[in-house]
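Residues per chain, in single letters:
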Amino acid sequence: MLAGRPVPLKHLSAGEELFAPGARTDDIYGIVSGWAYSYRLFEDGRRQINAIELPGSLIGVASSGRDGAAVGCATLTPVVYCVYPRAVLFGRVMSEPALGLRIVSEVVRQEVLIRERLSDVARRPARERIANFLHELYCRRRISGPLDRPFSIPLTQSHIADALGLTPIHVSRTLREFKRDRIATYVGHDLQIIDPGKLARISTLDLGYTRWLAGSGQVTPVEPAAPPPHGASMRPVLEARPG
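Residues numbered from 1 in each chain as written. Predicted model: local features only at pLDDT ≥ 70, side-chain atom pairs only at ≥ 80, totals over all residues. Heavy atoms only, no water.

A short note on the overall build of the protein chain
Inference 1: Scanning the protein chain for helices and strands turns up seven helices and 13 strands.
Inference 2: Going through the 243 residues of the protein chain one by one, you find that 46% of them count as buried.
Inference 3: Sequence-distant contacts, at least 24 apart, represent 73% of the contacts inside the protein chain between residues at least 6 apart.
Inference 4: Per element, the accessible surface of the protein chain, about 12,200 Å² overall, is 54% carbon and sulfur. (Helix = DSSP H or I, 4+ residues; strand = E, 2+ residues; numbered from the N terminus. Buried < 20%, exposed > 50% of the residue type's maximum accessible area, 1.4 Å probe, protein only. Contact = heavy atoms within 4.5 Å. Areas by Shrake-Rupley, 256 points an atom, 1.4 Å probe, with all protein chains shown as cover.)

So this is what it looks like as structure tokens:
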């Protein structure tokens, strides 16, 4: 953990926005608990989901130097998060090289996830895209704490379609096959993974990548133990998940 005074925690309900596409923001957002997604809206109203944000994600690092955020971010579940002023966080890098390394590691992690998704969208059929997507989320979520049994993913078919460049019809057809094969099924609004082992077997993610996902050391904002002194400047507390 890097030394620093704590930042206050903030709360959002499911379906709320941390920030909208194009909004001017000088902050970086850290997800403490809950699920969110980063997205882009096109002129005709279509939505592209760029990333699923889990506990440990830092959102907005790549927006530095732009007039507005390239994407928006909305919650899928109730979310606890904290806000780091970008200028304060980046200003500490010169005196705290470890913090700079953690930020670079987060940027690299995001790039690897995006590259893998691009490969899936460009070259893989619907069944493999969806299996890889769900398996990736399962592996990522394991590093941030114990999983519920069965493991539930708070994504609708529309979310999955917008994340993978598929039509809702393709997603619905594939998930019916997954239900038939007892891999995954919807219970209410959540997609439950019935058999993670079977999901892993039909996924085409290579073993090295899934091991990296399961232990890639995400930068995690942590709840402060005590409030800062009155009038003190607020500095972030960051914790690195063990790799």
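Points about the nonpolar core
As a rule of thumb, nonpolar side chains are buried together in soluble globular proteins.
Inference 1: By size, the foremost hydrophobic cluster in this structure holds 32 residues, and its most contacted members are Ile-52, Ile-130, Phe-133, Leu-134 and Ile-160.
Inference 2: Going through the elements one at a time, β4 (36-41), β5 (47-53), α3 (126-142), β9 (151-153), α4 (157-164), α5 (168-180) and β11 (190-193) are the ones with two or more residues in this core.
Inference 3: Looking at this core, the element that brings in the most residues is α3, giving seven residues.
Inference 4: Other than its neighbours up to four places away in sequence, Leu-134 contacts Ile-153, Phe-178, Leu-191, Ile-193 and Leu-199. (Core = buried A, V, L, I, M, F, W, Y, C linked by side-chain atoms within 4.5 Å.)

Side note on the pattern of salt bridges
Inference 1: All told, the structure shown has 10 salt bridges when counted by the stated rule.
Inference 2: Where Asp-44 meets Arg-46, a salt bridge forms, and the shortest distance between an N and an O atom there is 2.7 Å. Like Arg-46, Asp-44 is exposed.
Inference 3: Put simply, Glu-96 and Arg-92 hold a salt bridge, and the shortest N to O gap is 2.7 Å. Just as Glu-96 is buried, Arg-92 falls in that class too. (Salt bridge = Lys/Arg side-chain N within 4 Å of Asp/Glu carboxyl O.)

Considering the packing of helix α2 (residues 97-123) against α3
Inference 1: As a packed pair, α2 and α3 sit with axes 9 Å apart at the nearest point and diverge in direction by 160 degrees. It follows from the interaxial angle that α2 and α3 lie roughly antiparallel. Handedness of the crossing formed by α2 with α3: right-handed. Between α2 and α3, the residues in contact are Arg-109, Leu-113, Glu-116, Arg-117, Asp-120 and Val-121 and Arg-129, Asn-132, Phe-133, Glu-136 and Arg-140, respectively. (Axes fitted to C-alpha atoms, helices over the stretch in contact; angles between N-to-C directions. Parallel < 35°, antiparallel > 145°, perpendicular 65-115°, else oblique. Left-handed = near helix turned anticlockwise from the far one by under 90°.)

Describing unusual backbone geometry
For residues other than glycine, phi is negative in most cases, and the peptide bonds are mostly trans.
Inference 1: One non-glycine residue, Arg-182, lies in the positive phi region at around 55 degrees.
Inference 2: Examined against the element boundaries, Arg-182 turns out to sit in the loop between α5 and β10 (184-187).
Inference 3: Using a relative accessible area of 53% as the deciding quantity, one classes Arg-182 as exposed.

With respect to the sheet that holds β4
Inference 1: If you walk across this open sheet you meet the four strands as β2-β7-β4-β5, and the pairing is antiparallel. Strands at the two margins of the open sheet, each flanked by one partner only, are β2 (17-19) and β5. Adjacent strand axes in the sheet meet at a mean angle of 30 degrees when their direction is disregarded.
Inference 2: Pairing analysis gives four bridges linking β4 to strand β7 (residues 72-75), with the strands arranged antiparallel. The residue of β7 that forms the bridge with Ser-38 is Cys-73.
Inference 3: Where α4 meets the sheet, it contacts β4 and β5, and its direction lies at approximately 100 degrees from that of β5. (Pairing = 2+ DSSP bridges.)

Focus on α2
Inference 1: Compared with an ideal rise of 1.5 Å per residue, which puts 27 residues at 39 Å, α2 spans 39 Å between its outermost C-alpha atoms and is within 8% of the ideal.
Inference 2: Of the residues making up α2, those classed as buried are Leu-99, Gly-100, Ile-103, Glu-106, Arg-109, Val-112, Leu-113, Glu-116, Arg-117 and Asp-120. (Expected span 1.5 Å × (residues − 1).)

Quick look at the packing of aromatic side chains
Inference 1: Evaluation of the coordinates by the stated rule reveals five aromatic pairs.
Inference 2: Consider the rings of Tyr-29 and Tyr-81, whose centres lie 6.2 Å apart with planes at 40 degrees: the pair is tilted. Here the residue Tyr-29 occupies a position in strand β3 (residues 27-33), and Tyr-81 occupies one in strand β8 (residues 79-85), the gap between them amounting to 52 residues.
Inference 3: For Tyr-29, a relative accessible area of 9% puts it in the buried group.
Inference 4: With centroids separated by 6.3 Å and ring planes inclined at 40 degrees, the aromatic side chains of Trp-35 and Phe-151 adopt a geometry described as tilted. Note that Trp-35 is positioned in the loop between β3 and β4 and Phe-151 in strand β9, a separation of 116 residues in sequence. We note that Trp-35, like Phe-151, is buried.
Inference 5: By the ring-pair criterion, three or more aromatic residues cluster together here, those being Phe-19, Tyr-29 and Tyr-81.
Inference 6: The cationic tip of Arg-46 hangs over the ring face of Phe-42; the distance from NZ or CZ to the ring centre is 5.6 Å. (Phe/Tyr/Trp six-rings, centres within 6.5 Å; stacked < 30°, edge-to-face > 60°. Lys NZ or Arg CZ within 6 Å of the ring centre and 35° of its normal.)

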